[in-house]
Amino acid sequence: MFVLTVEIVVAPGELDCFLPLMAENARASVADEPGCHQFDVVQDRDDPHQILLYEVYTDEAAFQHHVKTPHYEAFNAAAGPLMASKTARAYTRCVP
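Since this is a predicted model, take the numbers as computed values, not measurements.

Trainee: Got a minute to help me understand the overall build of the chain in this structure?
Mentor: Across its full length, the chain carries three helices and four strands. For the chain, the α and β elements follow one another from N to C terminus as β-α-β-β-α-α-β. The C-alpha radius of gyration computed for the chain amounts to 13 Å, which stays within 12% of the reference 12 Å derived for 96 residues, consistent with globular compactness. For the chain, the spread of C-alpha atoms along the three principal axes comes to 35 × 30 × 20 Å. Burial analysis of the chain (96 residues in total) assigns 35% to the buried set. Sequence separation of 24 or more characterises 69% of the internal contacts of the chain that already satisfy a separation of 6 or more. Carbon and sulfur atoms make up 56% of the accessible area of the chain, which totals about 5700 Å². Across the chain, 6 positive and 14 negative side-chain charges occur, with their mean positions spaced 5 Å apart.

Here's what the structure looks like:
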């Protein structure tokens, strides 16, 4: 399995706009992409502008498909300007 974590810092004052966009992207990813097995969105308890994504795909090809989907492209266009920073890391799941 291909696993991706993404650390996002949402720009000040943009959280109310960002979270619904993120929720829809996560929902559509799991619902519409057979290769997307999990898409969790979590928020830091002390700093709600810190968001962590935990995404699980069948393989890297499934992830590459994800970033070309209409729902991801719409999310990226709308939410990109709302992010102060975004850092992604790729992993291989070694223990289920």
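Trainee: Can you walk me through the nonpolar core in this structure?
Mentor: For soluble globular proteins, the rule of thumb is that nonpolar side chains tend to be buried together. If you look at the biggest cluster of nonpolar residues, it comprises 21 residues, and the most contacted ones within it are Ile8, Phe18, Met22, Phe39, Leu53, Tyr57 and Phe75. Secondary-structure elements contributing two or more residues to this core are β1 (2-10), α1 (15-32), β2 (36-43), β3 (50-57), α2 (60-66) and α3 (70-79). The element best represented in this core is β1, accounting for five residues.

About the criteria used
By convention here, each chain's residues receive numbers from 1 onward along its written sequence. For this predicted model, a pLDDT threshold of at least 70 governs which residues receive local features, and a threshold of 80 or more governs which side-chain atom pairs are given and counted, while totals over whole chains, interfaces and linings are taken from all residues. To get the side-chain values, all heavy atoms of the structure are used, and hydrogens and water are removed first. A run of DSSP states H or I qualifies as a helix once it reaches four residues; a run of E qualifies as a strand once it reaches two. Both are numbered from the N-terminal end. In this treatment the radius of gyration is a C-alpha quantity, and the globule benchmark scales as 2.2 Å times the residue count to the 0.38 power. Exposure categories follow from relative accessible area, calculated using a 1.4 Å probe and restricted to protein chains: below 20% of the type maximum is buried, above 50% is exposed, and the middle band is partly exposed. Contacts: residue pairs with any heavy atoms within 4.5 Å of one another. Areas reported here follow the Shrake-Rupley algorithm with a probe of radius 1.4 Å; residue values treat only the protein chains shown as occluding. Charged residues are defined narrowly, with Lys and Arg counted positive, Asp and Glu counted negative, and His plus the chain ends left uncounted. Positions of charges follow a simple convention, taking NZ of Lys, CZ of Arg, CG of Asp or CD of Glu. In this text, buried Ala, Val, Leu, Ile, Met, Phe, Trp, Tyr and Cys residues form a nonpolar core when linked through side-chain atoms within 4.5 Å.

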